[in-house]
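Chain by chain, the residues run as shown.
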Amino acid sequence: MTIFEEQRICIKFCFKLKKRATETYKLIEEAFGDAALSRSRTFEWFSRFQKGRERVNDDQHTGRLRSLRCEEAVRLKRPERWQNNDWILHVDNARPHTAHVVLQFLAKHSTIQIPHPPYSPDLAPNDFFLYPKLKMKLKGRKFDNVDMIQGESKATLRNLSKSDFISCFDNWKKKDGTARRRVFEWYKRFKEGREETADNERSGRPSTSTTPEKVDKVLELVREDRRITVREVAEEVGISFGSTQSIMKDIFGVRRLNAAFSFPKI
């Protein structure tokens, strides 16, 4: 018996004694210390026993890769693309996605991949689309338990419209295309003999980021939520981090005070 199965038995025992999940987790943590299951895993197994599960051992894995589920989703939701093999798979650089067995499987099934540049979370739809949506909705609120957080998160995701996802993928194509163009551009420069890696000096052409409409939008977002971050404002307005800082500091004189923005007194 492994230490994990031993803890699952303890979780099942606590459930039989009608303990709550939170109380069960505290007991597990107290008994097993650093070797204790995480809070999420404890709650997950507690939920399984609530639903009638009796076994404490792991489920048998079929060895089927997630890519099979991805292919099945494409076949069901985009049959025309499935028939023509007119679809591509964008994966990040997580170890499970770049494992040799995964790459072999994708090659065997002629799955065309878009490689993900390193250190580029802005190209991952979850990072630039889903997570900011959740953060804006949940930020500044207090929840009594994990179930409330999960419920609110699911409600936020369900309220995303078809147009939101269309906009997300249009943005993804634009971001990915820009990144690729920049890579090929710099490759060409080095091929032509360039040694410097620094950007060329700019002509000093005035920026178009501080248009009246964008300035007003920045002010509106900060007034609505004094705890919003500069990066979140930049993403919402669609301008750079530096331009957002300049607008808030130089135009409005906004400064941070105890994690909240403060406007100058007039």
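Note that this is a predicted model, so its numbers are computed, not measured.

Caption draft 1: A look at the environment of F143. Tracing the backbone through its elements, the reader meets F143 in the loop between α8 (125-138) and α9 (146-158). Looking at F143, the relative accessible area reads 22%, which means it is partly exposed. If near-sequence neighbours (up to four positions away) are discounted, F143 is found in contact with L138, M148, I149 and E152.

Caption draft 2: Expanded view of the packing of helix α2 (residues 21-32) against helix α3 (residues 39-50). Their axes nearest at 10 Å, the elements α2 and α3 cross at an angle of 125°. The angle between α2 and α3 falls in the class oblique. For α2 against α3, the interelement crossing comes out right-handed. Residues A21, T22, T24 and Y25 of α2 touch α3, and the partners they reach there are R39, T42, F43 and F46. Of the residues in the contact of α2 with α3, the class split is four nonpolar, three polar and one charged.

Caption draft 3: Focus on the packing of helix α11 (residues 212-224) against helix α12 (residues 230-237). Contact pair α11 / α12: the axes reach a minimum separation of 10 Å and the direction vectors enclose 135°. Relative to α12, α11 is oriented oblique. Taken as a pair, α11 and α12 cross one another with a handedness that is right-handed. Residues K214, K217, V218, L221 and V222 of α11 form the contact with α12, whose own contacting residues are V233, E236 and V237.

Caption draft 4: Summary view of the pattern of salt bridges. Counted under the stated rule, the structure contains eight salt bridges. The residue E232 makes a salt bridge to K135 at a minimum N-O spacing of 3.6 Å. Linking E232 in helix α12 with K135 in helix α8, this pair joins segments that are 97 residues apart in sequence. You can call E232 buried: its relative accessible area is 8%. By relative accessible area, which is 47% here, K135 ends up partly exposed. Two residues, E152 and R141, come together in a salt bridge whose shortest N-O distance is 3.3 Å. With a gap of 11 residues between them, E152 in helix α9 and R141 in the loop between α8 and α9 connect regions that are remote in the sequence. Overlapping salt bridges bring together K12, K16 and E54 as one network.

Here is what the cut-offs are and how they apply
- Residues numbered from 1 in each chain as written.
- Predicted model: local features only at pLDDT ≥ 70, side-chain atom pairs only at ≥ 80, totals over all residues.
- Heavy atoms only, no water.
- Helix = DSSP H or I, 4+ residues; strand = E, 2+ residues; numbered from the N terminus.
- Buried < 20%, exposed > 50% of the residue type's maximum accessible area, 1.4 Å probe, protein only.
- Contact = heavy atoms within 4.5 Å.
- Axes fitted to C-alpha atoms, helices over the stretch in contact; angles between N-to-C directions.
- Parallel < 35°, antiparallel > 145°, perpendicular 65-115°, else oblique.
- Left-handed = near helix turned anticlockwise from the far one by under 90°.
- Nonpolar A, V, L, I, M, F, W, Y, C, P; charged D, E, K, R; others polar.
- Salt bridge = Lys/Arg side-chain N within 4 Å of Asp/Glu carboxyl O.

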